[in-house]
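# Chains, contacts and geometry: an overview
Spelled out, the chains give:
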Amino acid sequence: MLKKIASYFFIVFGLAVLWASTSRTAMQYISDKRDGTKWWQTYPCLHGDLVSLSYLDFVTRFNPPPDLTSLKKPTGNSPHNTVLYLHGDSYTYHLPDSIFAGLNEFHLIDRNHGMNYHLDTTKRNILVLEVSERYLRTYYGGLQIFDELCDSIIKKKTIAASEENITPSYASIIPGFHVNDLFNKYINQNLQGNLFNYNFIIPMFETKAALNYYVFNRASGDVVISRDRNFLFLKETVSLTDIGSSYVPLTDADITWMVDNFNKIYDHYKENGFSEVYLSMIPNSATIMQPDGYNNLIPGIQQDKRLKIKIINVYNAFKNSPVTLYQPGDTHWNSKGRQLWLDLVNEKLINTN
Amino acid sequence: MTFISLQFLVFFMVVSLWFFRLKNQKGRIWLLLIASCYFYMTFIPQYILILGGTIVVDYIAGMLIEQSEGRLRKFWLIMSLVANIGVLAVFKYYNFFIDNIHTGFQFFGKPISLPVLKMALPIGLSFHTFQAMSYTIEVYRGNQKSERNFVVYALYVMFYPQLVAGPIERPQNVLPQLKEFRPYNWDNVKEGLARMLWGFFKKVVIADRLAIATERTFTFTHDSSSLALFIGAVFYSFQIYCDFSGYSDIALGAAKVMNIRLMENFNQPYLSKGISEFWSRWHISLSSWFRDFVYIPLGGNRKGPWRRRLNIMIVFLLSGLWHGANWTFVVWGVLHGLLVALFAFGAKKNTGANSGIINAAKVAGSFLLVTMLWIFFRSPNIVAGWTYIKKTCSFIGGSNYVVLNRVEVAFSVLLIIIMLLRERLLKTHLIASNGKFYFYTAMMVIICYYFGVFKENQFIYFQF
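Because the structure is predicted, anything quoted here is derived from the model rather than measured.

## Re the overall build of chain A
When helices and strands are counted, chain A shows 13 helices and nine strands. Across chain A, the fraction of contacts at a sequence separation of at least 24, relative to all contacts at a separation of at least 6, is 70%. Of the roughly 17700 Å² of accessible surface on chain A, 56% is carried by carbon and sulfur atoms.

## So, the nonpolar core
Among the nonpolar cores identified, the biggest contains 139 residues, and Phe8, Phe39, Phe130, Tyr160, Tyr270, Trp282 and Trp374 of chain B are the most heavily contacted of them. Per-element tally for this core: the top contributor is helix H9 (residues 226-257) of chain B, with 18 residues. When we break this core down by domain, the ones giving at least three residues each are domain 1 (15-181) and domain 2 (187-346 + 356-463) of chain B. Beyond its immediate stretch of four places on either side in the chain, phenylalanine 8 of chain B contacts Met1, Thr2, Phe3, Phe39, Tyr160, Met196 and Ile250 of chain B. Formed by 66 residues, the second largest nonpolar core is a distinct cluster that contains Leu119, Tyr247, Leu325 and Trp341 of chain A.

## Notes on the confidence of the model for chain A
Scored by pLDDT, chain A comes out at a mean of 83, with 87% of its residues at no less than 70. Across residues 156-175 of chain A, where pLDDT falls below 50, the model places 28 contacts with residues more than four positions away in sequence or in other chains.

## A look at the interface of chain B and chain A
With 37 residues of chain B at the interface, the matching set in chain A holds 37 residues. Taken over both partners, the interface formed by chain B and chain A buries close to 3400 Å², and the fraction arising from carbon and sulfur atoms is 67%. Of all residues in chain B, Leu6, Arg21 and Tyr450 of chain B give up the largest surface area on contact with chain A, accounting jointly for 19% of the area buried on that side. At the boundary of chain B with chain A, the tally comes to one salt bridge. In this structure, the salt-bridge partner of glutamate 408 of chain B is arginine 218 of chain A, at a minimum N-O distance of 2.5 Å. If you look at where chain B meets chain A, you find eight residue pairs in polar contact (both at pLDDT 80 or more). For the side of chain B that touches chain A, the secondary-structure elements that each account for two or more residues are helix H1 (6-21), helix H2 (25-41), helix H8 (186-219), helix H16 (406-425) and helix H17 (434-451) of chain B.

## Focus: the side chain of lysine 202 of chain B
Residues and elements named next belong to chain B. In this fold, lysine 202 is placed in helix H8. At 2.6 Å, the side chain of lysine 202 forms a polar contact with the side chain of glutamate 423. If near-sequence neighbours (up to four positions away) are discounted, lysine 202 is found in contact with Ala207, Tyr241, Cys242, Ser245, Gly246, Asp249, Met419 and Glu423.

## Remarks on a nonpolar patch on the surface
Taken together, the side chains of Leu72, Phe75, Ile78, Met79 and Val82 of chain B make up a nonpolar region of the molecular surface, amounting to roughly 430 Å² of accessible area. Checked against the element boundaries, isoleucine 78 of chain B lands in helix H4 (residues 70-107).

## A word on the pattern of salt bridges
All names here are of chain A. The full count for this structure, using the stated rule, is 22 salt bridges over all chains. For the salt bridge of lysine 123 with glutamate 105, the shortest nitrogen-to-oxygen distance reads 3.3 Å. Within this pair, whereas lysine 123 is found in the loop between strand E3 (115-117) and strand E4 (124-132), its partner glutamate 105 is found in strand E2 (residues 105-110), the two being separated by 18 residues in sequence. Accessibility expressed as a relative area gives 23% for lysine 123, which makes it partly exposed.

## Quick notes on the packing of H1 of chain B against H9 of chain B
Residues and elements named next belong to chain B. Remark: H1 packs on H9, axes separated minimally by 10 Å, with the N-to-C direction vectors making an angle of 25°. It follows from the interaxial angle that H1 and H9 lie roughly parallel. Only Ile250, Ala254 and Val257 of H9 make contact with H1, whose side of the interface consists of Phe8, Phe12, Ser16 and Phe20. Grouping the amino acids of the contact of H1 with H9 by side-chain chemistry returns six nonpolar, one polar and no charged.

## A closer look at the sheet that holds strand E1 (residues 82-88) of chain A
All names here are of chain A. Strand order in the open sheet made by the five strands is E2-E1-E4-E8-E9, with parallel pairing throughout. Where the open sheet ends on each side, the last strands, each with one partner, are E2 and strand E9 (310-311). As paired elements, E1 and E2 share six bridges and run parallel to each other. Within the sheet, the bridge partner assigned to leucine 84 lies in E2 and is phenylalanine 106. Contacts between helix H9 (residues 252-271) and the sheet are confined to E4, strand E8 (276-282) and E9, with E8 contributing the most and set at about 145° to the helix. In this fold helix H13 (residues 335-351) packs onto E1, E4, E8 and E9, with an angle of close to 155° to the strand it touches most, E4.

## Here's the deal with the side chain of threonine 42 of chain B
Within the secondary structure layout, threonine 42 of chain B lies in the loop between H2 and helix H3 (48-67). Threonine 42 of chain B sits in the buried class, given a relative accessible area of 16%. Of note is the side chain of threonine 42 of chain B, whose polar atom sits 2.5 Å from the backbone oxygen of phenylalanine 39 of chain B. Here threonine 42 of chain B is in contact with Phe183 of chain A together with Met1 and Gln7 of chain B, once residues within four sequence places are set aside.

## Let's talk about helix H2 (residues 24-34) of chain A
Residue and element names in this part refer to chain A. Those residues of H2 that fall on the buried side of the exposure criterion are Ala26, Met27, Ile30 and Arg34. Seen end-on, H2 carries its buried residues on one side only, within an arc spanning 100°. Along H2, the residues that are exposed and aim more than 90 degrees away from the buried face are Arg24, Thr25 and Tyr29. Looking at the buried positions of H2, the neighbouring elements they touch are helix H1 (2-22) and helix H6 (187-196).

## Quick word on the pairing of E8 of chain A
All names here are of chain A. Burial analysis of E8 places seven of its seven residues in the buried class, the great majority of the element. Two strands pair when backbone bridges link them, and E4 and E8 are joined in this way by seven bridges, in the parallel orientation. Across the sheet, the residue bridging to glutamate 130 is serine 280, located in E8. Taken together, the two bridges between E8 and E9 define a ladder with parallel strand orientation. When the bridges of E9 are listed, tyrosine 278 appears paired with lysine 310.

## Looking at helix H14 (residues 356-378) of chain B
Its 23 residues place the ends of H14 of chain B 32 Å apart at the C-alpha level, agreeing with the 33 Å of an ideal helix rising 1.5 Å per residue. Inspection of H14 of chain B places Val363, Ser366, Phe367, Val370, Thr371, Leu373, Trp374, Ile375, Phe376 and Phe377 of chain B among the buried residues, and these make up the whole buried set.

Reading the values: the criteria
Residues numbered from 1 in each chain as written. Chains lettered and ligands numbered in written order. Predicted model: local features only at pLDDT ≥ 70, side-chain atom pairs only at ≥ 80, totals over all residues. Heavy atoms only, no water. Helix = DSSP H or I, 4+ residues; strand = E, 2+ residues; numbered from the N terminus. Contact = heavy atoms within 4.5 Å. Areas by Shrake-Rupley, 256 points an atom, 1.4 Å probe, with all protein chains shown as cover. Core = buried A, V, L, I, M, F, W, Y, C linked by side-chain atoms within 4.5 Å. Buried < 20%, exposed > 50% of the residue type's maximum accessible area, 1.4 Å probe, protein only. Domains from an automatic or database assignment. pLDDT = per-residue confidence, 0-100. Buried area = accessible area lost by both parts, 1.4 Å probe. Salt bridge = Lys/Arg side-chain N within 4 Å of Asp/Glu carboxyl O. Polar contact = N/O pair within 3.5 Å; in protein donor to acceptor, adjacent residues only side chain to side chain. Patch = residues over 30% accessible without salt bridge, like charges linked within 9 Å, V, L, I, M, F, W, Y side chains within 5 Å. Axes fitted to C-alpha atoms, helices over the stretch in contact; angles between N-to-C directions. Parallel < 35°, antiparallel > 145°, perpendicular 65-115°, else oblique. Nonpolar A, V, L, I, M, F, W, Y, C, P; charged D, E, K, R; others polar. Pairing = 2+ DSSP bridges. Arc of directions from axis to C-beta. Expected span 1.5 Å × (residues − 1).

Below, the structure written as structure tokens:
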């Protein structure tokens, strides 16, 4: 009898955890509820996202003191009627408008949510597309930006969105329900979070991380230690097969494809009324800190003579910088890197006619 | 969902527990079919339509073949084979064919541009297509009655443990087991779980650790020293074995938990004393498929020594192509075929028992030959494979960096020795004593967690 009850319990538990880890709504609910709840709190990310991913909090070289330097105010001003649309990712989240040179309006667009805009053509509308190198080919290899960043009135979608997106409409048995709702590509991360990401289990993960670090000189999971041992890199940025890697082999056709896409994007937004469209590609930390074997994705695109979109040349500035611009245990830049990027953007804002 | 994902562990727990709570076979079959559909759809949901289409075609073909005689019977068989091979040809070989046409025209200075298929290869297509073909061929030969129950037939093709990477089963083995209600058997559960744990160990502790080094040497061949390349090549031999046989262990174990016995796919192939013997121990379900459905119908060894060798070459050429639409696989298959055909000449001369030293030399020689040919299998193109072999044999310097440090290289060798010894000495996975079984399970879970390399790697053979 006990076995029977136990087996039913595990069937129901298993189905529930599979469902919860598949459903985006359920995961959002769980995530909200877990914040601030002590006994089932998630592992805190105190020393950088890569330190947290690899459980290497005990290695001091990856955990420097917090960098509290604030961004400098711009020294010049852009023409008074400038409106900046900044379409970016985690590098540019939470940036205040006060750090940009004399803006009339500032719109920070989260790539995951997109934006419907309608331009005031009496103003000088500048679009800056900021993208980190590891997402460059994933995101701009398609043209989904036309669906996500579009004029609310014109809704002009001159080119179909990503060709890779296979429409799920064949499976719409119940209105509003699609077969793809049954599957979630992040289910394993969600399951790990729901089943194991609790403070009281963390010592087990840290033991494994210490074993790998001290015995095998490696980091666990999706993190790789740089050859000089001073930095952590996200595995997908240094693997030899991932599309977001600095070292994955590239062909001329890959560069041509990206250049063609950026030209389509440039033409599209210029046609929609933007005064200028800039592309700002943020190099992976491995690209700058461990350049041997770099596939030259960013310079390959930037130096292509057919490229129409205007470039904010972060790659050259970072490559030639005498100081370190990345955090040792994080995928992102440090305050110096952010300041350097900001100076380059402000220079364009001030000088663009 | 791969076998080494958390999703699979939860899925397997739910399906297995539910399976034994059902008191009739009809319910169990439906449960397994629905579970198998979910399993397959976690890769790319839409591709179930392709699989479903071939299942319907072969289910109908099976009945039509059985009801027909003479030329009509053959006609229905050919129709079924055309449908199956057609699906393979379109999804797996079409782009390869077009690429070669492009290259050919370009070579003669007249480049053309034909449309290419922009679709990923459906997971495990070659496996379930071959399994489906074995059904219609066996019905045609009268060795198997056509299956009237569509759900049972669909499950024969889709049974989740062997759906995406085999073993390529025969209807005579699986269909009767699917129809028979078998009560819960604790020994089978223990044996199945122990085998699954062994498969996990081979995959995450050995194969994925070795993959760290092989990824480096096969990508940075030009920078690497001969020693690093040699280590990379040997490691790849064990990586692909532990990866594929580990998958098979998990598949056979998962089926065994539900009282279903699938055919063995490996029998210590690296202890073979020749290439022919290697092929009787490696990927047995595929080798026996080609033997039964290609080699013997072509005449096998009944039509003289030269025809026999031609038949061998045809089989290995097809086997190479089966593995992938790339010239590297063709070269790999042809070279294996040449070696098997060559050794077929010398087979009669080998009389009497050999000493231990000679046997050891034969095992080592066979292993090195197989390892050398795996280089073509792993390389992106023939030139890269040839460069790898040349650099390995030239004993020149370069970087000895294989990502793994010396401790981990030594640890990897130790793991390989443990794996070989365990498979040599222990033929069964059943642990009779409950106490020992629980201890073994706990130890294997701890070892797999602490020494496992987890990076969501797919099994190598999924791509075929």
